[in-house]
Amino acid sequence: MQWDEARKDYIRYISIVDTKAVLSVVSYRQNLDRFIEWARAKGIDDCLCVSGRDIEEYLKYRLETNKKSSVAHDLTTVRSFYRFLMIQDETQSDPTVGIKLHVNKDHLPSYLSLNEVTALLESFEDTPQGIMERALFELMFSSGLRVGEITALTVTQLHQEQQMVQVVGKGNKERYVPIGDVALYWVKRYLQEVRPTRADKAPKRTNLVFLTSRGNPCSRVGLDRTLRKKQLELGFQKDISCHTLRHTFATQLLEGNADLRMVQELLGHSDISTTQIYTHVESKRLHDSYDSYFPRARKKDTQ
């Protein structure tokens, strides 16, 4: 079976039948295209001629220049592709069977302390661009939105009177998340003072909330670049990205004794095991309490 035909059918399947989010489809397509390019360079012109050894060789090749977590997603994509071919009765075997790439799922990307996130959010200037950026990042931190969710957010999804935001997340799953008072203030200010001018400059009519100075949608790359500049400006030692604010949101909730199930719902995780990476907060609090109250917990008590 030729690569182009199989690829086209697979992308249509994950977009329409499997209903993956738009950004997920883009990611899977890029991963699959990279694998197909590698396979063709190896002289493999039929997708059904790929062996388990080929998959292992590809993963080894990718690991030479990429993080393990990124290569793990490559494997997920290729495995999904061959399982699709099995569903379509194009093949009876999956070359990815038995191939594993262990990634430490307990690792938590960096998050900010309350003082750090306050310093970050208060550092934006009182200019049209600064107001837009503060409104966006205040909302991201206040509601724990993914960067793809906030760049795709429309005006009709903002329920200002109820202080809620309607989010369409991964797999087109819908959820409602509260908006904090401070975030709502900056969002309202942006909508009143900045967005009308930017919407007028848009190449075509748009209902998106956050727009660049030229009226275009905001991008993940642009937002992460803004946060990296702020990282240097504020002298933060840890790397800051859009996802850092989402992790900080979850961490702050758990430090305030929020229930893990509630955090799962707010983050839009379909599986609570994904949310459990944040239990390091509860574990630390438990150890701190143990050290404070148990008389022989500290090393000096053994001397």
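Source: prediction; values computed, not measured.

Tell me about the side chain of H269, and name the residues and values.
Summarising the element assignment, H269 is placed in the loop between α12 (260–267) and α13 (272–275). Here H269 falls in the buried class, since its relative accessible area comes to 14%. Within the structure, the side chain of H269 is placed 3.4 Å from the side chain of R246, a separation counted as a polar contact. Excluding its chain neighbours within four sequence positions, the residues that come into contact with H269 are R146, R246, Q264, T274, T275 and Y278.

Tell me about the sheet that holds strand β2 (residues 164–168), residues and numbers included.
Overall, antiparallel pairing links the 3 strands, which are arranged β1-β2-β3 in an open sheet. Lying at the two open borders of the sheet, with one neighbouring strand each, are β1 (158–159) and β3 (174–178).

Report on the pairing of β2, specifying residues and quantitative values.
Where β1 lies against β2, 2 bridges are found, and the strand directions are antiparallel. Within β2, the residue paired with H159 across the bridge is M164. The turn joining β1 and β2, which pair antiparallel and follow one another in sequence, is formed by 4 residues; a positive phi near 55° is taken by Q163.

Can you tell me about the pattern of salt bridges, naming the residues and giving the values?
Think of it this way: side chains of opposite charge can pair up when their charged atoms draw near. Enumeration over the complete set of coordinates arrives at 14 salt bridges. Between R62 and D74 there is a salt bridge whose closest N-O contact spans 2.7 Å. You can see R62 sitting in helix α3 (residues 52–63) and its partner D74 sitting in helix α4 (residues 68–87), a full 12 residues away along the chain. Judged by relative accessible area, D74 falls into the buried class, the value being 2%. The partner of E149 in a salt bridge is R146, and the shortest N-O contact between them spans 2.5 Å.

Pulling in residues and values, what's your account of the state of the cysteines?
This model, assessed by the stated rule, comprises 0 disulfides. No disulfide involves C47; its sulfur sits 8.3 Å from that of C49, the nearest cysteine. Residue classification places C47 among the buried positions, given a relative accessible area of 0%. The exposure class assigned to C49 is exposed, which follows from its relative accessible area of 53%.

About the cut-offs
- Residues numbered from 1 in each chain as written.
- Predicted model: local features only at pLDDT ≥ 70, side-chain atom pairs only at ≥ 80, totals over all residues.
- Heavy atoms only, no water.
- Helix = DSSP H or I, 4+ residues; strand = E, 2+ residues; numbered from the N terminus.
- Buried < 20%, exposed > 50% of the residue type's maximum accessible area, 1.4 Å probe, protein only.
- Polar contact = N/O pair within 3.5 Å; in protein donor to acceptor, adjacent residues only side chain to side chain.
- Contact = heavy atoms within 4.5 Å.
- Pairing = 2+ DSSP bridges.
- Salt bridge = Lys/Arg side-chain N within 4 Å of Asp/Glu carboxyl O.
- Disulfide = S-S within 2.5 Å.

As far as function goes, none of this settles anything; it's purely spatial.
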